[in-house]
Amino acid sequence: MTVKSVVWHDGSVCRADRNLMNRHKSGLLLLTGLSAAGKSTIARGVEKELFRMRARAYVLDGDNLRHGINNDLGFSRENRKESLRRMSEISKLFVDAGIVVLAAFIAPYREDRDFIRSCFDKESFFEVYVKCSIEECKRRDPKGQYKKALAGIISNYTGISSPYEEPEDPDLAVNTETSDLKQSVEAVIGFLKKKGLLTLGDGKFILPESVG
Ligand code: ADP
């Protein structure tokens, strides 16, 4: 619902100013994949590395958001869509605030991922497919949820009783069965550099490679 009588109020400090002060650009990386594929673990690893590089980054974790802003939502088709719409709106604010957002969400439907993409310009949104077979995810099962889903205790569980539509053309794919955590984090950092998020204007890499 759009409230037509409410008028958008621009501030006098804009995203470009904040990017300049931060000495890097902002954007949203959506890490999508099956539960236990490694989305949160990789997002936290990337966040830590960016922090070390003095870049502003923040993880939005699908499970964590369900404790607060999304605590009224379940896992139906409509609720999943709404959960991602809210994440997208929060991310828009964070990106305007100059932050690199790492959103770890299963986001199983192409339609929803494409919707998120449509909310950003093409330099500000990237889809990262955290790829792992369902067999390996079931084997890892860090929270015991696959076991419960297979026993019918949890319903609408992605990969078991609810579909996961694989990304057809992700901006980046990391396979957590063939790459370890360090390699996956390096791949994401390398990708951010290549896409120019850690540079400003002249294309020069301006953040220190390592601050110890
Ligand atoms: P998701 O956020 O996709 O549900 P998590 O990051 O919460 O997944 O859990 C992934 C589990 O898989 C963790 O226990 C992690 O230690 C393990 N794991 C094993 N190999 C890898 C890898 N190469 N990358 C990321 N996680 C891995």
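Note: the structure precedes this text.
Figured I'd write up the structure that's included with this text.

Conventions and cut-offs
Residues numbered from 1 in each chain as written. Predicted model: local features only at pLDDT ≥ 70, side-chain atom pairs only at ≥ 80, totals over all residues. Heavy atoms only, no water. Helix = DSSP H or I, 4+ residues; strand = E, 2+ residues; numbered from the N terminus. Rg over C-alpha atoms; globule rule 2.2 N^0.38 Å. Contact = heavy atoms within 4.5 Å. Axes fitted to C-alpha atoms, helices over the stretch in contact; angles between N-to-C directions. Parallel < 35°, antiparallel > 145°, perpendicular 65-115°, else oblique. Left-handed = near helix turned anticlockwise from the far one by under 90°. Nonpolar A, V, L, I, M, F, W, Y, C, P; charged D, E, K, R; others polar.

Considering the overall build of the protein chain
Step number 1: Helices and strands together make up the secondary structure of the protein chain, namely 8 helices and 7 strands.
Step number 2: Taking 212 residues into account, the globule formula puts the C-alpha radius of gyration at 17 Å, and the protein chain, at 18 Å, falls close to it.
Step number 3: By its C-alpha atoms, the protein chain is 55 × 50 × 30 Å across when sized along the principal axes.
Step number 4: Looking at the protein chain alone, contacts between residues at least 24 apart form 76% of all its contacts between residues at least 6 apart.

Things to note about the side chain of S184
Step number 1: Relative to the elements of secondary structure, S184 occurs in helix α8 (residues 181-194).
Step number 2: Those residues in contact with S184 that sit more than four places away from it in its chain are I42, V174, T176 and S179.

Comments concerning the packing of helix α2 (residues 39-52) against α8
Step number 1: Where α2 contacts α8, the axes come no closer than 9 Å and their chain directions differ by 60°. As far as their axial angle goes, α8 and α2 are oblique. The hand of the α2/α8 crossing is right-handed. Where α2 approaches α8, its residues T41, I42, G45, V46, E49 and L50 are matched on the opposing element by L181, S184, V185, V188, I189 and L192.
Step number 2: Residues of the contact of α2 with α8, tallied by class, amount to 8 nonpolar, 3 polar and 1 charged.

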